[in-house]
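Here are the chains, one letter per residue:
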Amino acid sequence: MWEFIQDEILGMKRLSSLIGRLLTAVGIDVNTRIGGSVQFFLYDVIKITVLLCVLIFLISNIQSFFPPERSRKIMGRFHGIGANIVGALLGTVTPFCSCSSIPIFMGFTSAGLPLGVTFSFLISSPMVDLGSLVLLMSIFGLKIAIAYVILGLIIAVIGGTLIEKLHMEDQIADFIRNSNSSVNIEAPDLTVKDRLIYARDQVTSTFKKVFPYILIGVGIGALIHNWIPESWIQTILGSSNPFGVILATIIGVPMYADIFGTIPVAEALLAKGALLGTILSFMMAVTTLSLPSLIMLKKAIKPKLLGTFIAICMVGIIIVGYGFNVFQNLLI
Amino acid sequence: MNIKVLGGGCKSCEALLRSAKEAVANKGIDAEIEYITDMEKIMNFGVMSMPALMVDDKTVSAGKVLKAKEVEKFLR
């Protein structure tokens, strides 16, 4: 039963062979390089688009129950490491666009939430979201998807706890620390209809925003899939390069892409013999840290804390990468 | 009437600003529209989700890009 879901619903195996047959029918041989690239491209674009629309719709429904105002309240009820865990979990379901990260940071801080809890939230939010869980399942299978999510949450919890222990409260931008605003706005009550409309709007706006990234991502994936020699990828990202994980992380950090755009690249690299951990490090690095988000964050925290935040994320991602490489055989 | 659009200057905030302008034009009312991107000011309004819309210093919407039609509902 699970295999059926894995292959046919999440993996859409039949779609791939259907596209293959259609291409053959119009005279394109899918066994050639160009034909193979075209097949990979069409299959992946359709698959990811369908998954994206369905997923965003379902996820937005869940997310509509957790506006930042409510998440803040929930987190306020927990203490110690429990608060970090709740923060990391809520980070995965609280919706916000990147330009809200500062208002959220400020809102949490001024409400008296510990700095570490806020950071657990901020780390897990881009790295682990519900969409990535299902997409990962579709491409890498259940075990890897769950392992990815759990490790992502662990990085968020440990990262937040470390920042807490370092007592960097003085590293928050002065205007936030000095503010005494404690305006509490209640999140509005939504009806089922409101939630469905919200979910529909999310699908359209996310689709418009993410679609170019999917095309680019799948395009790069198709290139890797059919044109780049396997030996290159194995040398750089495979088991013969002990620094593959570090390299993948460093390249991934400044890049800005959605998880929906990075997955096709990851999929193609894996098929070409790159190590799983190396690929996952790359994906985590791309989604968690990016130049635009760091520039945003720089307005709210001072350089020392920003540096610590980046360092903790990178070290965490690198450790996860090597971990996955060691245990790869158990998961695939 | 005073309308404030709060946001960090990202695409969705600008989309809301456009909707607000459109709504005011459609209604043909006399309203002043402010676009606030200064985080210090935004924080004092206590709003956490961007983009947000305030009408006469009352937050009417947060974390949503409203269409012009939806903004019009708040302009009474």
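Just above, that's the structure.
Residues numbered from 1 in each chain as written. Chains lettered and ligands numbered in written order. Predicted model: local features only at pLDDT ≥ 70, side-chain atom pairs only at ≥ 80, totals over all residues.

**Q** Please clarify how the overall build of chain A should be interpreted in this entry.
**A** On a plain count of helices and strands, chain A comes out with 17 helices and zero strands. In terms of overall dimensions, chain A is globule-like: its C-alpha atoms have a radius of gyration of 21 Å, near the 20 Å expected for 332 residues. With the C-alpha coordinates of chain A rotated into their principal frame, the extents come out at 70 × 50 × 35 Å. In chain A, which comprises 332 residues, the share counted as buried stands at 45%. Long-range contacts, defined here as pairs at least 24 residues apart, represent 86% of the contacts in chain A between residues at least 6 apart. (Helix = DSSP H or I, 4+ residues; strand = E, 2+ residues; numbered from the N terminus. Rg over C-alpha atoms; globule rule 2.2 N^0.38 Å. Buried ≥ 20, exposed ≤ 12 C-beta atoms within 10 Å, placed from the backbone. Contact = placed C-beta atoms within 7 Å.)

**Q** Mind showing me how you'd approach the overall build of chain B here?
**A** A tally of regular secondary structure across chain B gives three helices and four strands. Starting at the N terminus and walking to the C terminus, you meet the elements of chain B as β-α-β-α-β-β-α. Since a compact globule built from 76 residues should have a radius of gyration of about 11 Å, the 11 Å found for chain B is in line with a globular shape. Oriented by its inertia axes, the alpha-carbon framework of chain B measures out at about 30 × 20 × 15 Å. Excluding contacts between residues fewer than 6 apart, the proportion of contacts in chain B whose partners are at least 24 apart in sequence is 65%.

**Q** Would you mind going over helix 2 (residues 13-25) of chain A with me for this structure?
**A** Residues separated by three or four positions in an α-helix point in the same direction, a consequence of the helix having 3.6 residues per turn. When the terminal C-alpha atoms of helix 2 of chain A are compared, their 19 Å separation across 13 residues agrees well with the 18 Å that a helix rising 1.5 Å per residue should span. Positioned one or two residues after helix 2 of chain A, A:Gly27 has a phi angle of 95 degrees, which is positive. (Expected span 1.5 Å × (residues − 1).)

**Q** Please explain the nonpolar core as it appears in this structure.
**A** Note on soluble globular proteins: their nonpolar side chains tend to be buried together. If you look at the biggest cluster of nonpolar residues, it comprises 110 residues, and the most contacted ones within it are A:Leu269, A:Ile279 and B:Ala20. Sequence-distant contacts of A:Leu269, defined by excluding residues within four places in its chain, comprise A:Ile224, A:Ile233, A:Leu237, A:Ala274 and A:Ile279. (Core = buried A, V, L, I, M, F, W, Y, C linked by C-beta atoms within 7 Å.)

**Q** Help me understand the sheet that holds strand 3 (residues 52-55) of chain B, please; the structure alone is not making it clear to me.
**A** Within a beta sheet, neighbouring strands are joined by backbone hydrogen bonds and run either parallel or antiparallel to one another. Residue and element names in this part refer to chain B. The strand order 2-1-3-4 describes an open sheet built from four strands, whose pairing is mixed. Of all the strands in the sheet, just strand 2 (32-36) and strand 4 (58-62) have a single pairing partner and so form its edges. Strand-to-strand twist in this sheet, taken as the mean axis angle between neighbours without regard to direction, amounts to 20 degrees. Of the strand pairs in this sheet, strand 3 and strand 4 are connected by four bridges, and their pairing is antiparallel. (Pairing = 2+ DSSP bridges. Axes fitted to C-alpha atoms, helices over the stretch in contact; angles between N-to-C directions.)

**Q** What is the right way to look at the interface of chain A and chain B in this model?
**A** Accessible area lost when the parts come together is the quantity often used to give the size of an interface. Between chain A and chain B, the contact holds 22 residues from the first and 20 residues from the second. Among the secondary structure elements, those contributing two or more residues to the side of chain A that touches chain B are helix 4 (68-76), helix 6 (101-110) and helix 10 (174-177) of chain A. By residue number, the principal contributor to the side of chain A that touches chain B is helix 6 of chain A, which donates five residues. For the side of chain A that touches chain B, the residue count by class is 14 nonpolar, six polar and two charged. (Nonpolar A, V, L, I, M, F, W, Y, C, P; charged D, E, K, R; others polar.)

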